[in-house]
Amino acid sequence: MSDTATSIRTAASIVDGRELDDAPGGRLQSTNPANLADVVAEVLLTDASGFEAACRAARAAQKPWAAVPAPARGRVIAEVGRLFEANKEALSRLITREIGKPYPEALGEVQEIIDTCDFFLGEGRRLYGQTVPSEMPDKQLFTFRVPVGVAAIVTAGNFPGAVPSWYLVPALLCGNAVVWKPAEYSAAIATAMTQIFHAGGVPAGVLDLVHADGPATFAGLERALEQRLVDKVGFTGSSAVGAEIGALCGRHLQSPCLELGGKNPMVVMEDADLDLAVEGALFAGFGTAGQRCTSLGTAIVHASVHDEFVRRLDERLRAAAIGDPMQDVLYGPMLHERFAERFDEWLGLIRDHHTPHGSTAQGRIGPDAPREGFVGDPEAGIFYHPTFVTGVTLEDDLYSTETFGPLVGVARFSTWEEAMELANAHGYGLSSAIYTTSPTHAFRFREQITAGMVSINNSTSGAEAHLPFGGNGKSGNGSRQSGVWVLDQFTRWQSMNWDYAGKLQKAQMDLVEIEAVKDFRLEERAF
């Protein structure tokens with residue numbers, strides 16, 4: 001990432017260690033969503049051919065990297081982690097500037113990168129296989145983890161640091177080469193991260209960065225798959241695009257790692273600690289302006305505490321500070337204008353039978369729709385009112401649609417069966433939560449929820465580096481990231497048998513049989 005004469009950074013693709021100074025896919029400006037006059041970087045986009053070329057570079061670099069002993073690759077990851085630690089504040093400020101995430105959350109995101117490196121630096125010594133007994137003498141059986149080869153990773157920009165690290169760190173540790181295509185609106189962050197990986201010792205070509213728009217990426221990936229340049233695809237983004245990625249990979253008999261959207265439920269039982277539940281709803285529903293895949297979609301509240309929950313949440317939300325993400329605020333701006341445009345459409349899902357709460361207006365904050373207590377200049381950026389609506393039912397589009405922004409539905413239930421239907425019927429299955437003091441409720445919820453992740457008395461948002469992350473249904477294809485579970489995404493099991501009998505032994509045919517006395521019976525008089 002270089003500086004131009006006008007002091008605007010240039011974010012270019014990095015292929016085989018070299019920054020590409022052409023822009024066959026066009027140029028765009030990445031701007032600060034909290035201050036649109038602040039241009040963070042000029043992004044040089046490549047095209048489908050550029051994506052394909054990056055995959056060729058990765059293919060050439062992968063085998064030499066895989067030949068490096070896994071513990072040595074782990075030491076590279078250790079160095080990468082220390083560099084992220086040394087650059088934590090600088091990278092966090094860049095995250096806040098380029099995507100508008102509040103600075104404390106940005107610090108937490110970089111810490112997630114560090115934690116991921118710290119977890120996987122030791123996995124280079126624990127890529128265990130197994131020694132398996134054979135059914136025949138003088139024969140040994142083994143299993144080995146081997147790298148998949150080249151991984152093409154496409155990530156969203158709402159978590160521009162943490163989520164890419166969930167892919168990149170284990171993929172590189174396992175001996176793969178990676179072609180990474182980040183979101184265009186977080187290009188400066190991705191460029192800085194790639195520089196840190198390379199500075200930590202990841203060789204040129206083993207990690208290649210591609211800046212491209214969606215159509216060019218899809219076309220390039222299609223070409224790369226046809227030419228057998230890519231062995232694994234990882235994608236984080238919308239369910240609709242994930243379905244297209246899945247179909248493309250399926251035609252080439254590949255199973256992608258898909259981490260998609262969510263409509264995450266939070267059940268509030270009659271015995272819940274309401275203040276704690278409101279705190280969880282506030283963070284899960286409106287942190288990062290509701291722009292997380294794990295953001296709260298619908299709070300499902302028992303009828304006996306519904307009105308009090310609504311009153312407390314409304315009070316807290318109206319008092320919450322919103323605005324400048326470098327200040328102490330609940331949330332800052334939308335990530336990009338395109339998300340604001342989509343969010344305007346989703347606000348149209350509020351119907352006459354819904355009652356809005358949480359602010360003085362709905363939609364974009366400005367002179368015609370001011371927000372009391374706003375921090376900073378609302379006209380400088382892309383800021384939206386927080387809204388939650390009561391009266392949500394199973395039949396509502398608002399219930400079943402992922403609304404990527406500061407909008408939460410509240411539904412009322414009377415029976416356990418009603419609560420679980422509301423929690424599952426939307427078809428997503430990423431994250432979920434229940435607030436209760438009853439172990440019975442907690443364990444029944446865990447058994448009956450379809451989500452891949454469950455929180456008890458905690459929000460739907462918040463991942464730790466050593467637990468599996470991923471969803472089911474419209475939220476993903478069952479693949480998991482983080483912890484040891486992600487190793488199955490970036491390695492393949494190879495089995496080996498070694499026969500030293502000096503003769504051909506045929507499994508299931510040359511059996512060692514030991515006879516039993518099948519008519520043996522105890523005689524009572526023997527006692």
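None of the values given here were measured: they were computed from a predicted structure.

Caption draft 1: Representation of the confidence of the model for the protein in the model. Across the protein, the average pLDDT comes to 95, with 98% of residues at 70 or higher. Across residues 2-6 the pLDDT falls below 50, and counting only partners more than four positions away or on other chains, this stretch makes seven contacts in the model.

Caption draft 2: Summary view of the sheet that holds strand β17 (residues 387-390). Spatial ordering of the open sheet is given by β16-β17-β18-β15-β14-β20-β21, a layout of seven strands whose pairing is mixed. Edge strands, defined here as strands with exactly one partner in the open sheet, are β16 (355-357) and β21 (453-456). Neighbour to neighbour, the strand axes of the sheet diverge by 20° on average, direction disregarded. As paired elements, β17 and strand β18 (residues 407-413) share four bridges and run parallel to each other. The residue of β18 that forms the bridge with F388 is V408. Sheet contacts for helix α9 (residues 274-286): β14 (264-268), β15 (296-302), β17, β18 and β20 (431-435); angle to β14, the most-contacted strand, approximately 170°.

Caption draft 3: Just the packing of α9 against helix α10 (residues 303-319), in detail. Their axes nearest at 10 Å, the elements α9 and α10 cross at an angle of 55°. Here α9 lies oblique to α10, going by the angle between them. Here α9 and α10 pass one another in a crossing that is right-handed. Only V305, E308, F309, R312, L313, R316 and L317 of α10 make contact with α9, whose side of the interface consists of L274, D275, A277, V278, E279, A281, L282 and F286.

Caption draft 4: Geometry of the environment of A156. Its place among the elements puts A156 in the loop between β9 (150-154) and α5 (162-173). Along the backbone, A156 and G409 are 253 residues apart, and their C-alpha atoms lie at a distance of 24 Å.

Caption draft 5: The sheet that holds strand β7 (residues 130-132), seen in detail. Read across the open sheet, the three strands follow the order β7-β8-β23; overall the sheet is antiparallel. Where the open sheet ends on each side, the last strands, each with one partner, are β7 and β23 (491-499). Direction aside, the axes of adjacent strands within the sheet are offset by 25° on average. Of the strand pairs in this sheet, strand β8 (residues 139-147) and β23 are connected by nine bridges, and their pairing is antiparallel. Paired with T143 across the bridge in β23 is S495.

Caption draft 6: Spatial organisation of the environment of L487. Inspection of the secondary structure puts L487 in helix α15 (residues 487-490). Apart from residues lying up to four places away in sequence, L487 is in contact with F120, E123, L127, R145 and C174.

Caption draft 7: Main features of the nonpolar core. Ranked by size, the top nonpolar core spans 119 residues in total, and within it L91, F197 and F309 carry the most contacts. Setting aside anything within four residues of it in sequence, one finds L91 in contact with F84, V110, I113, I189, A192 and M193. In this structure, V15, V154, A177 and V233 belong to the second largest nonpolar core, which totals 27 residues.

The rules behind each value
- Residues numbered from 1 in each chain as written.
- Predicted model: local features only at pLDDT ≥ 70, side-chain atom pairs only at ≥ 80, totals over all residues.
- Heavy atoms only, no water.
- pLDDT = per-residue confidence, 0-100.
- Contact = heavy atoms within 4.5 Å.
- Pairing = 2+ DSSP bridges.
- Helix = DSSP H or I, 4+ residues; strand = E, 2+ residues; numbered from the N terminus.
- Axes fitted to C-alpha atoms, helices over the stretch in contact; angles between N-to-C directions.
- Parallel < 35°, antiparallel > 145°, perpendicular 65-115°, else oblique.
- Left-handed = near helix turned anticlockwise from the far one by under 90°.
- Core = buried A, V, L, I, M, F, W, Y, C linked by side-chain atoms within 4.5 Å.
- Buried < 20%, exposed > 50% of the residue type's maximum accessible area, 1.4 Å probe, protein only.

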